[in-house]
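# Observations on the model geometry
Chain residues, written in single-letter form:
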Amino acid sequence: MKDNLIGVEGSLTNVRDYLQQKGFKVEALGSNNNLNKYAAIVITGQDSNMMGIEDTYTKAPIIDARGQTAEAIHDEIRRRLS
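The shown structure was predicted, so the numbers you read here are calculated from the model rather than taken from an experiment. (Residues numbered from 1 in each chain as written. Predicted model: local features only at pLDDT ≥ 70, side-chain atom pairs only at ≥ 80, totals over all residues. Heavy atoms only, no water.)

### Here we look at helix H1 (residues 13-21)
Among all positions in H1, only Val-15, Tyr-18 and Leu-19 are buried. The arc that holds every buried residue of H1, seen down its axis, measures 95 degrees, which confines them to one face. Structurally, H1 contributes buried residues whose contacts are with strand E1 (5-8), strand E2 (25-28), strand E3 (40-43) and helix H2 (70-81). One or two positions beyond H1, positive phi appears at Gly-23, with a value near 100 degrees. (Buried < 20%, exposed > 50% of the residue type's maximum accessible area, 1.4 Å probe, protein only. Helix = DSSP H or I, 4+ residues; strand = E, 2+ residues; numbered from the N terminus. Arc of directions from axis to C-beta. Contact = heavy atoms within 4.5 Å.)

### Regarding the sheet that holds E3
If you trace the four strands from one edge of the open sheet to the other, you get E2-E1-E3-E4, paired in parallel fashion. Each edge of the open sheet carries a strand with a single partner, namely E2 and strand E4 (62-64). Strand-to-strand twist across the sheet, computed as the mean angle between neighbouring axes with direction ignored, equals 25 degrees. By the bridge criterion, three bridges tie E1 to E3 in an arrangement that is parallel. Pairing of Val-8 across the sheet is with Val-42, part of E3. Against the sheet, H1 contacts E1, E2 and E3, and its axis sits at roughly 170 degrees relative to E1. Its contacts with the sheet place H2 against E1, E3 and E4, and it is angled at close to 155 degrees to E4. (Pairing = 2+ DSSP bridges. Axes fitted to C-alpha atoms, helices over the stretch in contact; angles between N-to-C directions.)

### Structural notes on the nonpolar core
General note: in soluble globular proteins, nonpolar side chains tend to be found buried as a group. Membership of the largest hydrophobic core comes to 17 residues, with the highest contact counts inside it found for Ile-6, Val-8, Val-15, Leu-19, Val-42 and Ile-77. If you list the elements that add at least two residues to this core, you get E1, H1, E3 and H2. With four residues, H2 is the single largest residue contributor to this core. Apart from the residues lying within four places of it in its own chain, the contact partners of Leu-19 are Ile-6, Val-8, Phe-24, Val-26, His-74 and Ile-77. (Core = buried A, V, L, I, M, F, W, Y, C linked by side-chain atoms within 4.5 Å.)

Written as structure tokens, this is what we have:
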């Protein structure tokens, strides 16, 4: 399962910290990332096109963090990866 590596948009520090506490390996997303290396990707939803995510193909689930708590995002990742 790609070692549970989760790509998280840089501004989502609370999500990154929570996922790390729950045992996930987390990496900040950047414009040079190979999105296919992630088990899941978490974005704010605001910058998905700017980051090139909207028009990029990846098998990893892309989770929009808008309006969600870190706990809800964690639960969604667990559900999608199971």
